[in-house]
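Each chain is listed here by its residues.
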Amino acid sequence: MNATPTAATANIGVVGLAVMGSNLARNLASREGNTVAVYNRTWAKTETLITEHPEAGFVASKTIEEFVASLEKPRAALIMVQAGAGTDAVIDELSALFEEGDIIIDGGNALFTDTIRREKAAREKGLNFVGTGISGGEEGALNGPSIMPGGSAEAYEKLGPIFASIAAVAEGEPCVTHVGTDGAGHFVKMIHNGIEYADMQLIAEAYDLIRQGTGAAPAEIADIFAEWNKGELESYLIEITAEVLRQTDAETGKPLVDVILDQAGSKGTGVWTVQNALDLGIPVSGIAEAVFARALSSKPAQRAAASSLPGPAEPWTVDDKATFVEDVRRALYASKIVAYSQGFDAIIAGAEKYGWDIKKGEIAKIWRGGCIIRAQFLNRITDAYNDDPELVALLTAPYFRAAIEGAQESWRQVVAHAAKAGIPSPAFSSSLAYYDGIRAPRLPAALVQGQRDFFGAHTYQRVDKEGTFHTLWSGDRTEIESAGSSH
Ligand SMILES: NC(=O)c1ccc[n+]([C@@H]2O[C@H](COP(=O)([O-])OP(=O)(O)OC[C@H]3O[C@@H](n4cnc5c(N)ncnc54)[C@H](OP(=O)(O)O)[C@@H]3O)[C@@H](O)[C@H]2O)c1
């Protein structure tokens, strides 16, 4: 520990020592070969960290100037401060002191378009800017997160080994890859979070259907999830769902899930995913339904006003409980495949729009450890993209096609049951609707095109010949060929 460093001794620095920054700094310091410089705007946080963790050998600074002086060249500083204005303030401070070739890393949850802007500004000053998605929360930051860096290949040359040293390890491989240039890392992290929303909502719907359909208590459903975690659904989220459902509230003796207010919060990355997917024209309906379900849950006044609205006349019970539980498991797996397929569609569209060369199989690989959506299932996605890098839709890959084939009858049963029983299952049912839509040989979009041509002369194309056409709806209703486009 050295409070007033004079020599450049650290190969990496961390700015921002709240929970994420402190844990990442400790993780970095614990790995062979790293000497970690630390700085926080308010000295008290730095002091606490270096006092509580003398073993880390941190090189601590009271001023940003000392911090910069403590870094070996090319300097590399990881910013872990409040996203938005806080990040811009620290970037400005570092940019004023850094020299050509130095590297500023933003490990916060930045919107990828901000990262594109910041990278461009840094590049114009000769600096490297690496927007990096870091997933896994506090625990992941300390013990091994999944790391999604963007930025230049040159910067990744220095950072790759450092990131690899602190990342989670899945089946012997560190959960980090150079995602692509400028905002690619934060874009992929955003989609990861969107998929996480869908995964969580689908699991919540499965729980609700089992509980309402079979009357099983939360602890019994915990056993069902623990069992599911041994099969194709094996994942961190299924594992923690069992833990949450098993928990008893110390104060009331009730299942904890029954005393938690049923209004789900969010920090915004799910909303960003949906907003950007809308801009890209990609239907991420599973993710969108998950975001909307949280929004609906958080409208107590509307829910109270609507609570007296009529539901189904007949009460609903399941005859064969074991069969129903298995149907729900299969419906969950099929819906999950749809959510991931949609998420990867958004990654493909984003890569195309922003000019990133994103290796889809590598992305699935680095999500296998450290992050919230970690799961065995991700290996199947990597396999699918390795077998066919140009795969147009993930759910058409042989493994997923077969999985859905085995699940679809159950999926339809469960969605039909839910509708009849009046149990909200927006993510299950919208995923099935997406599946049926994408596989349909013919869609009623033809009628929509006819309507658009009727009221707005938007024109249409025909299935039997080239060209763009318009019917003279307010005239004699003959068809004319039009010079415009039908889209
Ligand atoms: N928490 C998580 O699970 C998680 C997971 C992944 C990513 N992230 C992202 O990681 C980043 C850090 O998260 P966090 O929860 O550790 O901290 P945070 O509560 O988001 O931010 C607090 C830190 O930001 C610093 N800060 C704020 N404004 C500043 C400014 N204008 N100039 C300099 N420093 C400023 C604070 O310094 P002072 O001590 O001086 O106030 C403090 O170190 C965020 O972008 C967050 O979204 C968080």
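Criteria and cut-off values
- Residues numbered from 1 in each chain as written.
- Predicted model: local features only at pLDDT ≥ 70, side-chain atom pairs only at ≥ 80, totals over all residues.
- Heavy atoms only, no water.
- Core = buried A, V, L, I, M, F, W, Y, C linked by side-chain atoms within 4.5 Å.
- Buried < 20%, exposed > 50% of the residue type's maximum accessible area, 1.4 Å probe, protein only.
- Domains from an automatic or database assignment.
- Contact = heavy atoms within 4.5 Å.
- Helix = DSSP H or I, 4+ residues; strand = E, 2+ residues; numbered from the N terminus.
- Right-handed = clockwise from strand over helix to strand, strands pointing away.
- UniProt positions renumbered as here; feature names shortened; annotations may be inferred.
- Near = heavy atom within 4 Å.
- Polar contact = N/O pair within 3.5 Å; in protein donor to acceptor, adjacent residues only side chain to side chain.
- Areas by Shrake-Rupley, 256 points an atom, 1.4 Å probe, with all protein chains shown as cover.
- Nonpolar A, V, L, I, M, F, W, Y, C, P; charged D, E, K, R; others polar.
- Salt bridge = Lys/Arg side-chain N within 4 Å of Asp/Glu carboxyl O.
- Arc of directions from axis to C-beta.
- Pairing = 2+ DSSP bridges.
- Axes fitted to C-alpha atoms, helices over the stretch in contact; angles between N-to-C directions.

(A) Looking closely at the nonpolar core. In terms of nonpolar packing, the biggest core is built from 92 residues, with Phe225, Trp228, Trp367, Ile381 and Phe428 touching the most fellow members. Two domains each put at least three residues into this core: domain 1 (12–178) and domain 2 (189–439). Excluding anything up to four places from it in sequence, Ile381 contacts Tyr340, Phe344, Ala364, Leu394 and Phe400. Val36, Ala155, Tyr156 and Leu159 belong to the second-largest nonpolar core, a separate cluster that totals 31 residues.

(B) View of the pairing of strand β5 (residues 103–106). Neither face of β5 is open: one carries Ile103 and Ile105, the other Ile104 and Asp106, and all of them are buried. Where the polypeptide runs from strand β4 (residues 76–79) across helix α4 (residues 85–97) and back to β5, its parallel neighbour, the crossover connection is right-handed. As for the winding sense of the linkage, the β-α-β connection from β5 through helix α5 (residues 112–124) to strand β6 (residues 128–135) is right-handed.

(C) Focus on the UniProt feature "active site" (unreviewed entry) in the protein. The positions UniProt marks with the feature "active site" (unreviewed entry) are Lys189 and Glu196. If near-sequence neighbours (up to four positions away) are discounted, Lys189 is found in contact with Asn109, Gly133, Ile134, Ser135 and Met148. Tracing the backbone shows Glu196 in helix α8 (residues 184–214). Contacts of Glu196, omitting those with residues within four sequence positions, involve Leu237, Ile372 and Ile373.

(D) Region of the structure containing the site of the ligand. Around the ligand there are 20 residues in total, and Met20, Asn40, Arg41, Thr42 and Lys45 lie nearest to it. One of the backbone N or O atoms of Val19 is found 3.5 Å from an oxygen atom in the ligand. The fraction of the free accessible surface of the ligand (890 Å²) that becomes covered by protein chains is 77%. Listing elements by their share of the shell around the ligand, those giving two or more residues are α1 (19–29) and α4. By residue number, the principal contributor to the shell around the ligand is α4, which donates 3 residues. A class-by-class count of the residues in the shell around the ligand yields 10 nonpolar, 8 polar and 2 charged.

(E) Representation of the pattern of salt bridges. In total, this model carries 26 salt bridges according to the counting rule given. Between Arg118 and Asp88 there is a salt bridge, and its shortest N-O distance comes to 2.9 Å. Here Arg118, found in helix α5, pairs with Asp88, found in helix α4; they are 30 residues apart in sequence, far enough to count as distant. When the shortest N-O distance is used, the salt bridge between Arg329 and Glu232 registers 2.9 Å. In this pair, Arg329 sits in helix α15 (residues 321–354) while Glu232 sits in the loop between α9 (218–228) and α10 (236–246), placing the two residues 97 residues apart along the sequence.

(F) Representation of α10. Among the residues of α10, those classed as buried are Leu237, Ile238, Thr241, Ala242 and Leu245. For α10, the arc enclosing every buried residue in end-on projection is 145°, short of the 170-degree limit, so these residues lie on one face. Against α8, α9, α11 (256–259) and α15 lie the buried residues of α10.

(G) Highlighting the UniProt feature "binding site: substrate" (unreviewed entry) in the protein. Per the UniProt annotation, the sites labelled "binding site: substrate" (unreviewed entry) are Asn109, Ser135, Gly136, Gly137, His192, Asn193, Tyr197, Lys267, Arg294, Arg452 and His458. On the basis of their most widely separated C-alpha atoms, the annotated residues across 350 residues do not gather in one place, lying as much as 48.7 Å apart. If you trace the backbone, Ser135 turns up in strand β6. Leaving out residues up to four positions away in the same chain, Ser135 has contacts with Pro145, Ser146, Met148, Lys189, His192, Gly370, Cys371 and Ile372. Here Tyr197 falls in the buried class, since its relative accessible area comes to 6%. In contact with Tyr197, not counting residues within four places along its chain, are Ser266, Lys267, Gly268, Thr269, Gly270, Ala290, Val291 and Arg294.

(H) Spotlight on the sheet that holds strand β3 (residues 59–60). Strand order in the open sheet formed by 7 strands is β3-β2-β1-β4-β5-β6-β7, and the pairing between neighbours is mixed. The open sheet has two free edges, formed respectively by β3 and β7 (146–149), since each of these has just one partner strand. Judged from the 4 bridges that link them, β5 and β6 form a sheet pairing that is parallel. Along β6, the bridge assignment pairs Ile104 with Phe129. Most of the contacts of helix α2 (residues 43–52) go to strand β2 (residues 36–39), to which it runs at about 145°, and overall it touches β2 and β3. In the packing of α8 onto the sheet, the strands contacted are β5, β6 and β7, and the crossing angle to β6 comes to about 15°.

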